[in-house]
Amino acid sequence: MPKDLEYKTSAFEDTVRWGTLENMYAFLRPDPDNPIEIPQGLDNVRVTSYESASPLTKVDETRWVQTVVVDYVLTDRQVVRQLVDQQVWESDDDGKTWYRTNPVPEFR
């Protein structure tokens, strides 16, 4: 596995597990024609678990995928929820920079 990808996915995990969820959107590939809209209400989510359901798997030289399971609580209702996050990571510059190319999960 490319080291830069390992660092990027680890940073994404840290952001989801311990950081501000709005920062997940910084991992997406920038698209000047379609600016990223960050949904409201992420401050109402507290992540309680982030576990790998499958390791990072190489699809081709520029694309890797992994699946994680995220447990979280909606703090205003104390409702426990779980989501499965299918992540797709791609690089356009021979593995120097990695971006998440599919949407980040929705916490409902």
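Above this text is the structure in question.
*Asks:* So what exactly am I meant to see when it comes to the overall build of the protein chain here?
*Replies:* Each helix and strand in the protein chain was counted, giving one helix and four strands. Scanning the protein chain from its N terminus toward the C terminus, one meets helices and strands in the order α-β-β-β-β. Taking 13 Å as the expected radius of gyration for a compact globule of 108 residues, we find that the protein chain reaches 14 Å, a close match to that expectation. Overall size of the protein chain, expressed as C-alpha extent along the three principal axes, is 45 × 35 × 20 Å. The 108 residues of the protein chain split such that 35% are buried. Contacts spanning at least 24 positions in sequence make up 48% of the contacts within the protein chain whose residues lie at least 6 apart. Entry remark: accessible area of the protein chain is about 6,700 Å², with carbon and sulfur atoms responsible for 47%.

*Asks:* Honestly, the packing of aromatic side chains in this entry has me stumped. Any pointers?
*Replies:* Both the distance between ring centres and the angle between the ring planes are used here to describe each pair of aromatic rings. Summed over all chains, the structure comprises four aromatic pairs. Ring geometry for Phe12 versus Phe27: centroids 5.2 Å apart, planes at 90°, classification edge-to-face. Linking Phe12 in helix α1 (residues 3-18) with Phe27 in the loop between α1 and β1 (45-60), this pair joins segments that are 15 residues apart in sequence. Their ring planes at 80° and their centres at 5.6 Å tell us that Phe12 and Trp89 sit as a pair that is edge-to-face. Taken together, the residues span a long stretch of sequence, with Phe12 in helix α1 and Trp89 in strand β3 (residues 79-90) at a distance of 77 residues. The pair formed by Phe12 and Trp89 is uniform in burial state, with each residue classed as buried.

The rules behind each value
- Every residue gets a number counted from 1 within its own chain, in the order that chain's sequence is written.
- Since the coordinates come from a predicted model, pLDDT governs what is reported: local features require at least 70, and pairs of side-chain atoms require 80 or more to be given and counted, while whole-chain, interface and lining totals use all residues.
- The side-chain figures draw on all heavy atoms in the structure; neither hydrogens nor water molecules are used.
- For the purposes of this entry, the term helix denotes a DSSP run of H or I that reaches at least four residues, the term strand denotes a run of E that reaches at least two, and both are numbered from the N terminus.
- Only C-alpha atoms enter the radius of gyration; for comparison, a globular chain is expected to reach 2.2 Å times N to the power 0.38, where N is the number of residues.
- Note on exposure labels: buried denotes an accessible area under 20% of the residue type's maximum, exposed denotes more than 50%, and partly exposed covers the range between, all computed with a 1.4 Å probe on protein chains only.
- By definition, residues are in contact when any of their heavy atoms lie within 4.5 Å.
- Computed by Shrake-Rupley with a 1.4 Å probe, the accessible areas treat only the displayed protein chains as cover when residues are assessed.
- Whether two aromatic rings pair depends on their centres lying within 6.5 Å, for rings of Phe, Tyr and Trp, where Trp uses its six-membered ring; planes under 30 degrees apart make the pair stacked, over 60 edge-to-face, and the rest tilted.

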